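Here are the chains, one letter per residue:
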Amino acid sequence: MDSEIKVEVICKETIKPSSPTPHHLRTSSLSVFDQLQPDMYISLLLFYPNNISDDVVNNIDHNSLFAERSKLLKTSLSEALTQFYPFAGEFEYNVSISCNDHGAGFIESQVNCPIRKVLEKPDFGILEQLIPIAIKSKSVEAGHLLLVQVNSFECGGLTIGVNISHKVADASTLSTFIKSWATIALGSASTASDQVLLPVEFGVAATLFPPQDVFNSPQPTMELIRDSCITKRFVFDASKIAALKSKAASAAVPNPTRVEVVSALIWKCALQASRANLGFTKPSAWVQVVNMRKRSGLATAENILGNFVSFFTAMTMESDAVELKSLVHKLRKGIDEYKEKYANGVSGEDAFQIIEGLKNLIMKDSIETYGCTSWCRFSFNQADFGWGKPSWMNFCRNESKNTTLLTDMSDGVGIEALLSLEEEHMAMFERNEDLLEYASLNPSVV
């Protein structure tokens, strides 16, 4: 029997920006998009196996290697926080971030096994010990808006776990930060200055989309009902994605994207599981998060930091045939209608109305609502801090009912999906033959 994997915290400290934040930048206003985000954390976990051969590994003092790498991560994080200064601040309830150089949390820990053991059979219970805090934590409980945990393995490999408050970052902003931090760590910041954004970008969103007074006082939290949910990992490799695209293509959508085909297949199989358990078909909604930076019609939008996301919704009725091609068409129609409706960008009022509509949808028990976020193309798997690119990344489970998180496999073509469903629906879903033709359930990463 396998010995139990243990993660032991050996050191906790606070990393402050390398240069104090200038007085005129000491308050960073939230935009309405920041205000609308829940006070919770998003997580990222990057795996770096030791790429040195076994003979060399045996002659290396792993502790000194880890100490050296950890020191580099701390020094470069300190420099990165000077540019991303709100991340080192404190949340002032739903109005602003006090950029007071409070700092980021930094944890070092040791794991009593080689990294391969975690990668052979990824287990959320273990993965969650490799990130600093639970994602449902509030910023007051967490103590920092940004927290980092560096985990050392017996083989000399390491993982970097990151939590960042959703109040200051969405996936795009986190990606920009990780890219800049890695660039600084590699020592090439001077030659790659175009990759490192200047701090002025933090003010842009709040100027374009000012905060709304209505959100200044505590709001009833929009909890995606958790019930007895379970999260599982499904992997669609490049060859299966190609086959799925070919099967899903139609006259209406001759060239479906990989995100469209994977989303449609998950939606179809989840609806079939729901129908099998309930004995009837509910109407359903697929709510897809949209990165506004490419869809706002604003020249300045590409580099907006903070939160800049919206949603579009596709629906099925009880009488609709739940088929792959028709669901892909609904998804394509949903994004096309969204682009047409908000061709000139989304205002703060639009954002408020979209969120209110979403709340109403989630509260309706008569409709099966699924939420999907795609972190594909955010280049997290390119983050090289000086010891190569990560071999794998993960986000840990969310366990909010009916939610899907999609991310790139390391080849940039395949997709990993983390899906949370009620236990009885998951039991039916994971046995669905249409699904298993294209997806593998929690395969080994190595």
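Residues numbered from 1 in each chain as written. Predicted model: local features only at pLDDT ≥ 70, side-chain atom pairs only at ≥ 80, totals over all residues. Heavy atoms only, no water.

A. Summary view of the environment of Ala351. Structurally, Ala351 is set in helix α12 (residues 348-363). Considered as a pair, Ala351 and Ser310 are 41 residues apart in the sequence and their alpha carbons are 6.9 Å apart. Setting aside residues no more than four positions away along its own chain, Ala351 makes contact with Phe33, Leu36 and Val346. (Helix = DSSP H or I, 4+ residues; strand = E, 2+ residues; numbered from the N terminus. Contact = heavy atoms within 4.5 Å.)

B. Here's a closer look at the packing of aromatic side chains. Across all of its chains, the model carries 24 aromatic pairs by this definition. For the pair Tyr48 and Phe385, a centre-to-centre distance of 6.3 Å together with 80° between the ring planes defines the contact as edge-to-face. Separated by 337 residues along the polypeptide, Tyr48 in strand β3 (residues 41-48) and Phe385 in the loop between β12 (368-374) and β13 (392-394) bring together distant segments of the chain. Ring centres 4.9 Å apart and planes at 75° place the aromatic pair Trp181 and Phe385 in the edge-to-face group. Note that Trp181 is positioned in helix α7 (residues 171-185) and Phe385 in the loop between β12 and β13, a separation of 204 residues in sequence. Across this residue pair, the class does not change: Trp181 and Phe385 are buried. Put simply, the rings of Tyr48, Phe84, Tyr85, Phe87, Phe177, Trp181, Phe202, Phe385 and Trp387 touch in pairs and so form one group of aromatic residues. (Phe/Tyr/Trp six-rings, centres within 6.5 Å; stacked < 30°, edge-to-face > 60°. Buried < 20%, exposed > 50% of the residue type's maximum accessible area, 1.4 Å probe, protein only.)

C. Looking closely at helix α9 (residues 238-248). Among the residues making up α9, those that are buried are Ile241, Leu244 and Ala248. Taken down its axis, α9 places every buried residue within 65° of arc, on the same side. Packed against the buried residues of α9 are β9 (229-236), α10 (258-278), α11 (324-341) and β15 (415-422). (Arc of directions from axis to C-beta.)

D. The arrangement of the sheet that holds strand β2 (residues 27-29) in detail. The strand order across the open sheet formed by three strands is β2-β5-β4, and the pairing between neighbours is antiparallel. Sheet topology places β2 and β4 (90-92) at the edges, where each strand pairs with a single neighbour. Averaged over all neighbouring strand pairs, the angle between strand axes comes to 30°, with direction disregarded. (Pairing = 2+ DSSP bridges. Axes fitted to C-alpha atoms, helices over the stretch in contact; angles between N-to-C directions.)

E. How the structure looks around the domain arrangement of the protein. What the domain assignment reports for the protein is domain 1 (7-213) and domain 2 (229-376 + 386-391 + 398-441). Here domain 1 and domain 2 have C-alpha centroids that lie 27 Å from each other. Contact residues are listed per partner, giving 42 residues for domain 1 and 29 residues for domain 2. At the boundary of domain 1 with domain 2, total buried surface from both sides reaches about 3,000 Å², with 68% on carbon and sulfur atoms. Ranking the residues of domain 1 by area buried against domain 2 places Phe33, Leu36 and Phe124 at the top, with a combined share of 20%. Linking domain 1 to domain 2 there are one salt bridge. Two residues, Asp170 and Arg293, come together in a salt bridge whose shortest N-O distance is 3.0 Å. Remark: the boundary between domain 1 and domain 2 carries ten residue pairs in polar contact (both at pLDDT 80 or more). Looking at the side of domain 1 that touches domain 2, the elements that each hand over two or more residues are α1 (32-35), β3, α3 (62-83), β8 (158-165), α7 and α8 (204-208). Residues of the side of domain 1 that touches domain 2, tallied by class, amount to 28 nonpolar, eight polar and six charged. (Domains from an automatic or database assignment. Buried area = accessible area lost by both parts, 1.4 Å probe. Salt bridge = Lys/Arg side-chain N within 4 Å of Asp/Glu carboxyl O. Polar contact = N/O pair within 3.5 Å; in protein donor to acceptor, adjacent residues only side chain to side chain. Nonpolar A, V, L, I, M, F, W, Y, C, P; charged D, E, K, R; others polar.)

F. Focus on the sheet that holds strand β10 (residues 284-291). Taking strand neighbours across the sheet as the criterion, the seven strands line up as β11-β10-β12-β14-β15-β9-β16 in an open arrangement whose pairing is mixed. This sheet does not close on itself; its edge strands, each paired only once, are β11 (309-316) and β16 (440-441). Pairing analysis gives five bridges linking β10 to β12, with the strands arranged parallel. Pairing of Ser284 across the sheet is with Glu368, part of β12.

G. Representation of α12 in the model. In this model α12 runs 23 Å from its N-terminal to its C-terminal C-alpha over 16 residues, within 8% of the 22 Å that 1.5 Å per residue would give. Of the positions making up α12, those classed as buried are Gly348, Ala351, Ile354, Ile355, Leu358, Leu361 and Ile362. For α12, the angular spread of buried residues about the axis comes to 145°, placing them on one side. In this structure, the buried residues of α12 make contact with α1, β10, β11, α11 and β12. (Expected span 1.5 Å × (residues − 1).)

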